[in-house]
Amino acid sequence: MIQSIINLFFPKACAGCNSFLLKDEIVICTSCRHDIPLTNHHLSKNNDVYSKFYGRIPIEFASSLMYFHKKGIVQEMIHKLKYKGHQEIGEAIGYWYAEELKDVEELNDVDFIIPIPLHKKRFKERGYNQVTTFGEALSKSWMKSYDETILVRNVYSKTQTTKSILGRAEVVENIFGVDYNESHHNKHFLLIDDVITTGSTLEACGRELLKIPGSRISIVCMAYTQ
């Protein structure tokens, strides 16, 4: 009853088009959800994301849920999640993608879900890691461990949104580290992020995780830039 009254005076807006959500709609309206460009990467192992990392780092599986286009619905959603504090968007995408990926055989033995880490200074500025709720939703859906402590970012860098592709590739080298113990040996790590562009950040983090004896990695992201 109380929630219904709150929704009446403060109706929730769609993360994609800003229209008011109907009673049974959560975060994204039915129209936007229908119009979101889905990748269907999970239906083919040799998809765009897997191919991007082929020959760079060994991975078990890689995929993203949506295609990221400038001025599109997905960009609007990711922007609100990353810069406007709408962490419910990451949660909704996480539960959505968890359902899509539940039958992917390569992900059945994942031990830890690991987010791309923020530097402590960036975390203090933003107040949250934009992929936390995405990762927590995957964790709850699959009953897998979510761990934000294994990967660390050692170097603070300016936002990469205005950097060139070459600049982004240069900035990631040696800025990450891995903090592990014997309990992390011989584990399968699922590395997660919001948007894949060049893949350089994910590659750098993957290389750190592969320093753990017997480790294997997979990659799952919300969106992929075409």
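Up top you'll find the structure we're talking about.
**Regarding unusual backbone geometry**
Thinking step 1. Phi at N18 takes a positive value of approximately 70°, unusual for a residue other than glycine.
Thinking step 2. Inspection of the secondary structure puts N18 in the loop between α1 (2-9) and α2 (30-35).
Thinking step 3. According to the relative accessible area criterion, N18 is partly exposed, its value standing at 44%.
Thinking step 4. One non-glycine residue, N186, lies in positive phi territory at about 60°.
Thinking step 5. Along the chain, N186 falls in the loop between β5 (176-178) and β6 (188-196).
Thinking step 6. Residue N186 is classed as exposed on the basis of its relative accessible area of 58%.

**Some thoughts on the sheet that holds strand β2 (residues 112-115)**
Thinking step 1. On the basis of which strands lie adjacent, the open sheet formed by five strands has the order β1-β7-β6-β2-β3 and parallel pairing. Bordering the open sheet on either side are β1 (62-68) and β3 (145-146), each of which pairs with just one other strand.
Thinking step 2. Judged from the eight bridges that link them, β6 and strand β7 (residues 216-225) form a sheet pairing that is parallel. The residue of β7 that forms the bridge with H188 is R216.
Thinking step 3. Across the sheet, helix α4 (residues 73-83) is in contact with β1, β6 and β7; its angle to β1 comes to roughly 105°.

**Side note on the pairing of β7**
Thinking step 1. Counting buried residues along β7, eight of its ten residues qualify, which places the element largely inside the surrounding structure.
Thinking step 2. One ladder, built from six bridges, connects β1 with β7; its direction is parallel. In the sheet register, A62 faces β7, and the bridge partner there is I219.
Thinking step 3. Between β6 and its parallel partner β7, the chain crosses via helix α9 (residues 200-209), and the hand of that crossover is right-handed.

**Description of the side chain of Q130**
Thinking step 1. Here Q130 is to be found in the loop between α6 (120-126) and α7 (132-142).
Thinking step 2. At 2.6 Å, the side chain of Q130 forms a polar contact with the side chain of R126.

What counts, and where the lines are drawn
- Residues numbered from 1 in each chain as written.
- Predicted model: local features only at pLDDT ≥ 70, side-chain atom pairs only at ≥ 80, totals over all residues.
- Heavy atoms only, no water.
- Helix = DSSP H or I, 4+ residues; strand = E, 2+ residues; numbered from the N terminus.
- Buried < 20%, exposed > 50% of the residue type's maximum accessible area, 1.4 Å probe, protein only.
- Pairing = 2+ DSSP bridges.
- Contact = heavy atoms within 4.5 Å.
- Axes fitted to C-alpha atoms, helices over the stretch in contact; angles between N-to-C directions.
- Right-handed = clockwise from strand over helix to strand, strands pointing away.
- Polar contact = N/O pair within 3.5 Å; in protein donor to acceptor, adjacent residues only side chain to side chain.

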